[in-house]
Amino acid sequence: MSLLEVNSLKKIYSSAFKSNAVTALNNISFSVEEGEYIAIMGESGSGKSTLLNAIAALDTPTSGNILLKGTDFTKIPDHKMAAFRRSHLGFVFQDFHLLDTLTLEENIYLPLVLNNTPLHEMKRRLNALIPSLGIGRILKNYPYEVSGGQKQRAAVARALITYPDLILADEPTGALDSRSADELLNLFNEINENGQTIIMVTHSISAASHANRILFIKDGAIFHQIYRGTASNDELYNTISKTLTVLMSKAPSPIRRIAN
Amino acid sequence: MKLKLYSKLAVSSIIKNKPLFIPHILSGVIMTAVFFILYALSGSSAIEQLPAGGVALVVLLKYSAILIGFFSIPFLIYTNTTLFKNRAPEFGLYNVLGIGRIAMIPLLFLENLLTYGIVIFSGLFIGSLLFKLAETSLIRIMKGNISYSLHLDLAAAFVTVIWYAFTFLILFLCDSVKLLKNSTVDLLQTSHYGDTPLRHPKLSTVIGLFILTCSYLASFWVGSRGESPTNHSLTCFNLTCGIIISTYLLFVAGSIYFCQKLQQNSEFYFTPKHFITISSLKHRMHRNGSGLASICILATFVLLTLTFSFAFYRGCSTMLSSHYPNDLSIVMQAKEDTSIDNSNAETIEKTLESHGLTSQASSLLSATATSAYSAGIIDMSANVYSQEFQNSRPKKFFPNNDDLVDIRVISLDDYNKLCKTDITLDDNTVLIMSKTAGYTDKVLSLVGCDGHTYAIKTTDTIPPLTELKYNNTYPEGSGIKECYVVVPDISSFLGTDVTGKTSYGYVTYYKEYDVSLSVSKEDQLSIGNAILSDLESSIDHISSELSCATRVEKSDKLSGLSGGLLFLAFIVSLIFILMASLIIYYKQISEGYEDSSQFDIMRKVGLSLNGIHSTVNFQLLLTFFSPIIISGLHLLFLTPILYRLLAFSIVCNKSIIIMTTILSFCTYSIIYFSVYKFTSNSYLKRIANKSNP
């Protein structure tokens with residue numbers, strides 16, 4: 001059984017007058033195995049954020065379903081959704097979304113606090129994460145007192161601390177300088193090597209080249225897929241570039257090709 | 001050219017930032033309107049002519065207006081700080097786009113000027129409308145019992161304009177300092193920053209407690225003196241300011257302290273509903289504390305005015321019977337240096353006879369003297385007005401007038417006639433009784449005016465003088481009790497040389513005639529008027545002062561005038577309730593606006609709607625109870641002053657004031673709770689709505 005299964009997902013935004021309905025997701029289907037590191041790429045407006053919102057259970061699709069470890073999202077009632085999200089999913093956002101009212105340490109603890117986890121367990125989990133994230137010194141600071149890279153690392157810690165089945169990252173390097181971005185991507189690689197499944201939406205080719213599998217979305221459908229195989233980062237970078245060039249041109253219908 | 005650009009910018013920024021500006025402007029309008037109404041009322045000629053309390057009320061209103069004026073400054077600073085904090089990114093952006101920070105000062109000035117214009121215009125407009133409404137209703141209630149002249153409230157308008165110009169100038173200066181001090185980056189980020197932590201919360205709390213204690217002590221001091229608090233208006237004003245300042249200190253420093261202590265208790269802190277609430281409270285601790293303190297102070301104002309209104313209403317209903325106990329009462333007071341003029345007494349009796357009222361009239365001759373009382377001995381020989389006596393009085397921190405007693409001497413014959421008894425008195429024995437229950441039980445002996453000691457006669461039953469009811473010489477508020485002394489013969493008791501004793505008003509003679517009328521109200525009125533006109537023309541006014549009044553005549557006037565006062569008191573209570581409710585609403589709305597993005601993030605991280613509800617409920621619980629409890633405490637400690645004030649103007653005893661205090665607290669708690677329930681719903685809606693994807 002795959003960790004995540006997306007089946008015939010459709011999302012249509014219709015305005016009040018029903019004259020201009022926007023199809024954000026057009027029959028998307030794919031599956032994600034445990035331990036995969038997926039990057040989703042596409043132009044703005046192609047539907048990648050909508051797809052991520054649907055997988056994050058922050059939005060309900062018009063039709064189709066999403067199964068996480070066999071559980072159908074769309075069947076979970078609203079009031080249980082938050083708890084489900086807390087226990088199974090971890091989020092990293094482009095603009096960090098850390099609370100100004102809490103220190104970094106408290107921000108990281110937040111999902112565990114909401115789960116009523118005992119304090120000693122929270123501390124144990126945080127201590128395990130600190131070395132790899134390198135945030136030991138800034139835990140008592142507030143978000144507005146630290147740099148973007150440090151904030152994003154704290155956000156990653158917050159995502160990891162619940163031991164989620166799946167990490168969802170929406171443009172995680174978007175607000176970072178190249179060095180912090182590199183550090184973050186290396187971090188993602190590290191946690192993926194430890195078995196964490198990651199789905200990342202990104203614009204950046206260099207970010208995507210760190211992944212194992214890249215999905216290209218155009219007009220709400222999967223246009224192309226690339227598997228890394230044995231390619232190095234640079235080779236993958238080139239392949240992605242070429243695919244994007246094709247994607248940006250007026251290519252007609254999506255063709256599924258298995259890459260070499 | 002620049003002016004035009006800035007004016008356009010100022011106008012457009014106010015319009016576009018409506019959600020931020022409206023609460024601030026609304027608060028300003030309410031403050032201005034209330035200040036204007038109170039100030040204008042204090043200058044209204046209609047108010048001054050209200051009974052007994054009229055003059056005191058003018059002073060009260062003026063001081064309330066001044067208090068509101070002073071209170072406006074910290075409150076408007078609070079609303080303005082919130083406004084500026086949310087607009088700072090905009091100013092940061094202007095800076096980035098090329099307007100230097102010093103060049104932005106005129107822009108800030110224009111914005112403040114515009115806000116001031118809106119506030120003052122709307123405030124005066126609404127204030128005048130309400131003021132006119134209040135005044136005309138008041139006149140109508142008083143049924144033309146006063147002479148009313150069209151009152152130009154330009155003076156009040158002028159003062160309002162100047163004072164709030166000054167206030168807005170302060171706001172502008174605060175903003176300018178913040179604008180110039182912070183770097184551009186800080187301005188852009190400022191909406192994220194928490195409030196700057198108070199450097200010495202412990203010290204501030206201690207100072208606050210100290211000021212509060214002093215104010216409470218001062219309140220007891222004023223309230224225990226046997227004189228009207230209006231003689232100590234400066235002290236009252238100072239202690240009120242002290243209470244306001246200490247409330248602010250305690251709430252701001254106290255909430256910081258409280259949050260810190262709670263955070264240190266990790267077991268308590270790291271639970272879902274406490275975690276979010278306590279951290280958000282700490283994040284805006286200054287503004288939170290100021291908001292709560294403002295609510296507390298306004299609640300105190302409400303409680304004070306409500307208590308005053310209820311007590312006054314209650315006191316009024318008994319005022320008539322205690323001030324005018326007889327249907328028709330004629331009182332002749334001998335002027336200084338004389339005894340009662342017997343020819344005048346005969347004139348009165350002849351007039352009564354001519355109206356056929358002799359059988360319904362009872363008369364009494366009495367002499368009053370304020371005497372000293374200590375350790376069970378009443379000393380009438382002491383001259384209580386002399387310097388040496390005043391110096392010898394015990395000096396207490398809470399002075400009372402227990403060492404003084406107002407003696408009313410009447411003759412044994414009169415007493416026996418009135419009470420239908422047959423008591424005899426031996427030589428050197430007198431009879432004493434008092435309206436205050438149990439007062440005379442402790443009296444052991446009496447020293448007469450000539451220094452002679454008299455024993456007190458005790459019999460099984462001494463019928464009280466219920467036939468005759470008099471006004472006390474001293475109002476209840478003074479704490480000086482009244483005591484009747486029955487002697488065989490008044491003049492021999494007081495000594496034949498009355499001239500000496502009355503030369504400094506030591507002893508005053510009264511001859512009182514109390515007539516009961518059994519005819520209709522209109523007839524009573526006409527009889528009273530007829531008698532009065534007869535007596536006015538025939539009495540010798542050089543030797544005596546005459547007063548003659550029917551209860552019927554007084555009752556109409558009194559109910560009209562007291563109705564007016566009551567109406568006024570309720571209007572002022574209503575105004576304060578409205579203000580307090582608006583501040584609560586404002587606090588909820590502005591905090592909801594700030595918190596919505598936080599709750600948005602939390603929802604993404606996994607906070608359920610139920611979680612939001614329980615968090616918010618805990619937050620509301622913390623912020624709901626503290627103001628009302630502290631304001632209840634303030635009310636409790638300010639009650640002595642209120643009691644003393646009322647006891648000097650109208651009838652009021654301690655049980656009335658206790659009951660009305662409890663009643664006003666319960667009434668306001670209900671209103672307060674409803675307002676909180678209502679506004680918390682709009683707070684929840686704002687958060688939940690924004691959080692929904």
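Just above sits the structure.
Analysis parameters
- Sequence order as written defines residue numbering, which begins from 1 separately in each chain.
- Labels follow written order: the first chain is A, the first ligand is 1, and so on.
- In view of the model being predicted, local features appear only for residues whose pLDDT reaches at least 70, and side-chain atom pairs are presented and counted only at 80 or more, with totals across whole chains, interfaces and linings using the full set of residues.
- Side-chain descriptors were evaluated using all non-hydrogen atoms of the structure, hydrogens and water having been removed beforehand.
- For the purposes of this entry, the term helix denotes a DSSP run of H or I that reaches at least four residues, the term strand denotes a run of E that reaches at least two, and both are numbered from the N terminus.
- Two residues form a contact once any of their heavy atoms are found within 4.5 Å.
- Using a 1.4 Å probe, the Shrake-Rupley method yields the accessible areas, and only the shown protein chains count as cover for residues.
- Computation of the radius of gyration draws on C-alpha atoms alone. For the globule rule, the value is 2.2 Å times the number of residues to the power 0.38.
- Only protein chains enter the calculation, and the probe is 1.4 Å; a residue is then buried if its accessible area is under 20% of its type maximum, exposed if over 50%, and partly exposed in between.
- None of His or the chain ends enter the tally, which takes Lys and Arg as positive and Asp and Glu as negative.
- Every charge is mapped to an atom, namely NZ of Lys, CZ of Arg, CG of Asp or CD of Glu.
- For this document, the term salt bridge refers to a Lys or Arg side-chain nitrogen within 4 Å of an Asp or Glu carboxyl oxygen.
- Only buried residues count toward a nonpolar core. Its members are Ala, Val, Leu, Ile, Met, Phe, Trp, Tyr and Cys residues joined through side-chain atoms within 4.5 Å.
- Orientation is described by axes fitted as lines to C-alpha atoms, over the contacting stretch for helices, and by angles from 0 to 180 degrees between their N-to-C directions.
- Orientation categories follow fixed angle ranges, with anything under 35 degrees roughly parallel, anything over 145 roughly antiparallel, 65 to 115 roughly perpendicular, and all other angles oblique.
- By definition, any crossing whose near helix is turned counterclockwise from its far helix by less than a right angle is left-handed, and any crossing with a clockwise turn is right-handed.
- When residues are sorted by character, Ala, Val, Leu, Ile, Met, Phe, Trp, Tyr, Cys and Pro go into the nonpolar class, Asp, Glu, Lys and Arg into the charged class, and all the rest, Gly among them, into the polar class.
- We treat two strands as partners when DSSP finds at least two bridges between them.
- Helix span, expected: 1.5 Å multiplied by one less than the number of residues in the helix.
- To be clear, the arc concerns the directions from the helix axis to the C-beta atoms.
- As used here, buried area is the combined drop in accessible area, with a 1.4 Å probe, of two parts when they are placed together.

A. Here's a closer look at the overall build of chain B. Within chain B, the secondary structure is distributed over 21 helices and ten strands. The contacts in chain B between residues at least 6 apart in sequence include a share of 85% that link residues at least 24 apart. Of the roughly 30800 Å² of accessible surface on chain B, a fraction of 64% belongs to carbon and sulfur atoms.

B. Focus on the overall build of chain A. If you tally the helices and strands in chain A, you get eight helices and ten strands. The C-alpha atoms of chain A give 19 Å as radius of gyration, which agrees with the globular expectation for 260 residues (18 Å, within 12%). Projected onto its principal axes, the C-alpha coordinates of chain A cover approximately 55 × 45 × 35 Å. Here chain A holds 260 residues, and the buried ones make up 56% of them. The long-range fraction of contacts in chain A, counting pairs at least 24 apart against all pairs at least 6 apart in sequence, stands at 71%. When the accessible area of chain A is evaluated, it comes to approximately 11800 Å², of which 49% is carbon and sulfur surface. Averaging the coordinates of the 25 positive side-chain charges in chain A and doing the same for the 25 negative ones gives two points 4 Å apart.

C. The pattern of salt bridges, seen in detail. Overall, the coordinates contain nine salt bridges over all chains when judged by the stated rule. The residue Arg124(A) makes a salt bridge to Glu121(A) at a minimum N-O spacing of 2.9 Å. Here Arg124(A) pairs with Glu121(A), and both are found in helix α4 (residues 119-133), just three residues apart, close to one helical turn. A relative accessible area of 45% places Arg124(A) in the partly exposed class. On the accessibility criterion, Glu121(A) (18% relative accessible area) is buried. Close ionic contact of Glu90(B) with Arg87(B) constitutes a salt bridge, the shortest N to O distance being 2.8 Å. Linking Glu90(B) with Arg87(B), this pair stays in helix α4 (residues 53-97), spanning three residues, or about one helical turn.

D. Molecular detail of the nonpolar core. Residues Phe188(A), Phe216(A), Ile240(A), Ile68(B), Phe576(B) and Tyr668(B) are the most contacted members of the largest nonpolar core, which totals 162 residues. It is helix α12 (residues 285-323) of chain B that contributes the most residues to this core, 17 residues altogether. Not counting the four nearest positions on each side in its chain, Phe576(B) is found in contact with Leu38(B), Ile68(B), Leu298(B), Phe301(B), Val302(B) and Thr305(B). One finds Ile348(B), Ala367(B), Val405(B) and Ile407(B) within the second-largest nonpolar core, a separate group that totals 41 residues.

E. Quick peek at the packing of helix α3 (residues 104-114) of chain A against helix α5 (residues 148-160) of chain A. All names here are of chain A. The contact between α3 and α5 brings their axes to 7 Å, and the two run at 25°. Considered as vectors, α3 and α5 are oriented roughly parallel to each other. Note that α3 runs across α5; the crossing there is right-handed. Together, Leu-104, Asn-107, Ile-108 and Pro-111 of α3 and Ala-154, Ala-157 and Arg-158 of α5 make up the contact between the two elements. A class-by-class count of the residues in the contact of α3 with α5 yields five nonpolar, one polar and one charged.

F. Expanded view of the sheet that holds strand β8 (residues 197-201) of chain A. Residues and elements named next belong to chain A. Read across the open sheet, the six strands follow the order β6-β7-β8-β3-β9-β10; overall the sheet is mixed. Strands with a single pairing partner mark the edges of an open sheet, and in this sheet they are β6 (89-92) and β10 (221-227). Neighbour-to-neighbour, the strand axes of this sheet turn through a mean angle of 20°, independent of strand direction. Each of β6 and β7 (166-170) is contacted by helix α2 (residues 78-88), which is oriented at about 80° to β6, the strand it contacts most. Helix α8 (residues 233-248) rests against β3 (37-42), β9 (213-218) and β10 of the sheet, and its axis sits at about 10° to β9.

G. Expanded view of helix α13 (residues 342-354) of chain B. Residue and element names in this part refer to chain B. With 13 residues, α13 extends 18 Å between its outermost C-alpha atoms, agreeing within 8% with the 18 Å of an ideal straight helix rising 1.5 Å per residue. The set of residues buried in α13 consists of Asn-344, Ala-345, Thr-347, Ile-348, Thr-351 and Leu-352. Take α13 and look down its axis: the buried residues cluster within an arc of 160°, on one side only. Residues of α13 that are exposed and point more than 90 degrees away from the buried face comprise Asn-342, Lys-350, Glu-353 and Ser-354.

H. Broad picture of the interface of chain B and chain A. With 26 residues of chain B at the interface, the matching set in chain A holds 25 residues. Interface of chain B and chain A: buried area, both sides summed, is about 2400 Å²; carbon and sulfur atoms make up 67% of it. Sorting the residues of the side of chain B that touches chain A by element identifies α10 (266-269), α11 (272-283) and α19 (551-605) of chain B as the ones contributing at least two each.

I. Inspection of the packing of helix α9 (residues 233-264) of chain B against α11(B) at higher detail. Residue and element names in this part refer to chain B. Across the interface, α9 lies against α11 with an axial gap of 10 Å and an inter-helix angle of 145°. When you trace α9 past α11, the crossing you get is left-handed. Residues Cys-259, Gln-260, Leu-262 and Gln-263 of α9 form the contact with α11, whose own contacting residues are Ile-278, Ser-279, Leu-281 and Lys-282. For the contact of α9 with α11, the class distribution of residues is four nonpolar, three polar and one charged.

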